[in-house]
Amino acid sequence: MFARVWTVALVAAAAAVALAGPPSTLPPPAPPPIPEPLAPTPPPKDAPPPEPVVLERFTVPKGGDAFLVPVTMAGKQRLFLLDTGCSHTVVDSALLAGPALDVVAGNTPDGAVEGRVFAPPKASVGELGFEGVGAVIGFDLRPMREALGHPIDGLLGMDFLGRRVVRADFDRGEVLFLSAAGPGCGDPIPMRSRRGEVPKVRGTVAGAGEVEFDLDTGFGAVHGASLDPATFEALRRADALRVIGVHHSRSAAGDTARPLGRAAKLTVGPATFPDPVFDVSRRPLLGINFLARFVVTFDFPANALYLKAGAGAAGPAKWNRSGVRLLLRGGAAVLQAVSPDGPGAKAGVAAGDVLVSAGGAKAGAAGLYQFREALAAPGKLTVVVRRGDADHTLTLDNGP
């Protein structure tokens, strides 16, 4: 007997699912994980790093939007979220045929959920097969599609990613699967990474000391980082973190509103960030909007993370200042939640309004990501909302 754990991030301001259960009916386990110590594996002394071979290259949205790659299943191309916060690959349950091998319970940041275990479908990521994926979790991904605003049909988890080298260039809008990290990607930062587990990296938060963060490309909140409740509260009590707002989140278990706080400094490897913004989660997280500041290389086999400064490396911290949350429903950007004391409510925004435009970004062309970027901008923000058959122009004061 052995136990297997799935940790599935379903966010866009989003959602994480941890699934575990007795595997009496599961396929055989993957090969044993890399043994401790989990530290970057250096090349032989004086040996130049090998030039990487590009095994696959995909175009992805630029900036900090969802990290999407095409997966071919049954001859049809579908969009999967490349999700380092997901320990095992997830497929929308509507696409899986046949009986489930098992039913497993799991936890999200907001409560318990249930998933079903299936044999992996015949699938490929470009020319890369599904090697390492011994089973998939069937889950209803409709809440995730609403939260992200993209037609997601699955999540590529660490059972697939853990044996690979992956580079994301958010400025160029591309993701590469490589044979090796190669030269020119920066100095290696130790990363604790086992196949089938969420990778972790150590950072330092001013006032809290060293914190171990999950690296979670599925965590799509604009502010890009979370702290566990104990660390968040300790910083607040020590006046090392100031609560600045509310983060509305949707997870597989439901909707929540969690505090947002601003600390003095975050350091990860050679990179230092003044005034980082965190929400509260069960575990500390660094998400896609933190990673989007860099050309980031995950060398999972060597337990090394590389962060090479990108165009946004020195940019200010961002967070949703508006106090509203967006979901995509029926092709419309619906304002699903409104904080009573936030700028949105003060300007007259109401839950159920449809966002037509925000700061010049329009529905359809903008998508939820550009709307979220607009709602994170400081200062006055002009929005147009549709309520019933009438459009209303409102001005939010998002503060300095």
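Residues numbered from 1 in each chain as written. Predicted model: local features only at pLDDT ≥ 70, side-chain atom pairs only at ≥ 80, totals over all residues. Heavy atoms only, no water.

Some words on the overall build of the protein chain
Line of reasoning, step 1. When its secondary structure is counted, the protein chain shows six helices and 32 strands.
Line of reasoning, step 2. For the protein chain, the proportion of its 400 residues judged to be buried stands at 54%.
Line of reasoning, step 3. Considering only residue pairs separated by 6 or more positions, the protein chain has 63% of its internal contacts joining residues 24 or more positions apart.
Line of reasoning, step 4. A total of about 16,600 Å² of accessible surface is found on the protein chain, and carbon and sulfur atoms cover 55% of it. (Helix = DSSP H or I, 4+ residues; strand = E, 2+ residues; numbered from the N terminus. Buried < 20%, exposed > 50% of the residue type's maximum accessible area, 1.4 Å probe, protein only. Contact = heavy atoms within 4.5 Å. Areas by Shrake-Rupley, 256 points an atom, 1.4 Å probe, with all protein chains shown as cover.)

Here's the deal with the pairing of strand S16 (residues 200-205)
Line of reasoning, step 1. Judged from the two bridges that link them, strand S15 (residues 189-192) and S16 form a sheet pairing that is antiparallel. Within the sheet, the bridge partner assigned to Met 191 lies in S16 and is Val 201.
Line of reasoning, step 2. The loop that links S16 with its antiparallel partner strand S17 (residues 209-215) comprises three residues; one of these, Gly 207, has a positive phi angle of about 95 degrees.
Line of reasoning, step 3. Of the pairings in the sheet, the one linking S16 to strand S21 (residues 265-268) comprises two bridges and is antiparallel in character. Each residue of the ladder has a partner; that of Thr 204, found in S21, is Thr 267. (Pairing = 2+ DSSP bridges.)

Some details on the packing of aromatic side chains
Line of reasoning, step 1. Scanning all chains against the criterion turns up eight aromatic pairs.
Line of reasoning, step 2. Between the aromatic rings of Phe 273 and Phe 294, the centroid separation amounts to 5.8 Å while the plane-to-plane angle is 85 degrees, which identifies the pairing as edge-to-face. With a gap of 21 residues between them, Phe 273 in strand S22 (residues 271-274) and Phe 294 in strand S25 (residues 294-299) connect regions that are remote in the sequence.
Line of reasoning, step 3. Measuring from ring centre to ring centre gives 5.8 Å for Phe 290 and Phe 294, while their planes differ by 55 degrees; the resulting arrangement is tilted.
Line of reasoning, step 4. We classify Phe 290 as buried; its relative accessible area is 5%.
Line of reasoning, step 5. What links up through ring pairs into an aromatic cluster is the set Phe 58, Phe 130, Phe 160 and Phe 177.
Line of reasoning, step 6. For Arg 164, the ring lying beneath its charged end belongs to Phe 160, and the centroid distance is 4.2 Å.
Line of reasoning, step 7. For Arg 321, the ring lying beneath its charged end belongs to Trp 319, and the centroid distance is 3.9 Å. (Phe/Tyr/Trp six-rings, centres within 6.5 Å; stacked < 30°, edge-to-face > 60°. Lys NZ or Arg CZ within 6 Å of the ring centre and 35° of its normal.)

Some remarks on helix H3 (residues 229-237)
Line of reasoning, step 1. Within H3, the full set of buried residues consists of Thr 231, Phe 232 and Leu 235. Within H3, the buried residues cover an arc of 100 degrees as seen down the axis, which keeps them to one side. In this structure, H3 carries Ala 230 and Arg 237 as exposed residues pointing more than 90 degrees from its buried face.
Line of reasoning, step 2. Phi turns positive, to about 60 degrees, at Asp 239, one or two residues after H3. (Arc of directions from axis to C-beta.)

Observations concerning the side chain of Glu 56
Line of reasoning, step 1. Residue placement: Glu 56 occurs in strand S3 (residues 54-59).
Line of reasoning, step 2. For the buried Glu 56, no salt bridge exists, and the shortest N-O distance to an oppositely charged side chain is 7.9 Å, to Arg 57.
Line of reasoning, step 3. Within the structure, the side chain of Glu 56 is placed 2.6 Å from the backbone nitrogen of Glu 127, a separation counted as a polar contact.
Line of reasoning, step 4. Residues within four places of Glu 56 in sequence aside, it is in contact with Val 125, Gly 126, Glu 127, Leu 128, Val 175, Leu 176 and Phe 177. (Lys, Arg positive; Asp, Glu negative; His and termini not counted. Salt bridge = Lys/Arg side-chain N within 4 Å of Asp/Glu carboxyl O. Polar contact = N/O pair within 3.5 Å; in protein donor to acceptor, adjacent residues only side chain to side chain.)

Comments concerning the side chain of Asp 299
Line of reasoning, step 1. Relative to the helices and strands, Asp 299 is located in strand S25.
Line of reasoning, step 2. Buried within the structure, Asp 299 lacks any salt-bridge partner; its nearest side chain of opposite charge belongs to Arg 167, at an N-O separation of 8.3 Å.
Line of reasoning, step 3. Asp 299 has contacts with Arg 164, Val 165, Ala 181, Met 191, Ala 304 and Tyr 306, leaving out every residue within four places of it along the chain.

A few points about the environment of Val 198
Line of reasoning, step 1. Residue position: Val 198 is located in the loop between S15 and S16.
Line of reasoning, step 2. Classification of Val 198 by relative accessible area gives buried; the value is 8%.

Things to note about the environment of Ala 238
Line of reasoning, step 1. Secondary-structure assignment places Ala 238 in the loop between H3 and strand S19 (241-251).
Line of reasoning, step 2. Separated by 31 residues in the primary sequence, Ala 238 and Gly 207 have C-alpha atoms spaced 7.9 Å apart.

A look at unusual backbone geometry
Line of reasoning, step 1. Unusually for a residue other than glycine, Ala 74 sits at a positive phi of about 50 degrees.
Line of reasoning, step 2. Non-glycine residue Asp 275 carries a positive phi angle of around 55 degrees.
Line of reasoning, step 3. Mapping Asp 275 onto the fold places it in the loop between S22 and strand S23 (277-280).
Line of reasoning, step 4. Looking at Asp 275, the relative accessible area reads 35%, which means it is partly exposed.

Quick word on the pattern of salt bridges
Line of reasoning, step 1. In the structure shown here, the tally under the stated rule is 23 salt bridges.
Line of reasoning, step 2. One salt bridge connects Glu 174 with Arg 57, and the closest N-O pair in it is separated by 3.3 Å. Taken as a pair, Glu 174 in strand S14 (residues 174-178) and Arg 57 in strand S3 lie far apart in primary sequence, 117 residues in all.
Line of reasoning, step 3. With a relative accessible area of 45%, Arg 57 lands in the partly exposed category.
Line of reasoning, step 4. One salt bridge in this structure joins Arg 142 and Asp 140, with 2.5 Å as the shortest N-O distance.
Line of reasoning, step 5. Since its relative accessible area comes to 54%, Arg 142 is described here as exposed.
Line of reasoning, step 6. Judged by relative accessible area, which is 29%, Asp 140 ranks as partly exposed.
Line of reasoning, step 7. Linked by salt bridges that have partners in common, Arg 192, Lys 200, Arg 202, Glu 210, Glu 212, Asp 214 and Arg 283 make up one network.

Overview of the pairing of S14
Successive side chains on a regular strand alternate, one facing one side of the sheet and the next facing the other.
Line of reasoning, step 1. Within S14, five of the five residues are buried, leaving the element largely enclosed by the surrounding structure.
Line of reasoning, step 2. Of the two faces of S14, the one lined by Glu 174, Leu 176 and Leu 178 and the one lined by Val 175 and Phe 177 are each fully buried.
Line of reasoning, step 3. Note: S3 against S14, five bridges, orientation antiparallel. Directly across from Glu 56, in S14, lies its bridge partner Phe 177.
Line of reasoning, step 4. In sequence, strand S13 (residues 165-169) turns back onto S14 through a hairpin of four residues, with Gly 173 there showing a positive phi of about 75 degrees.

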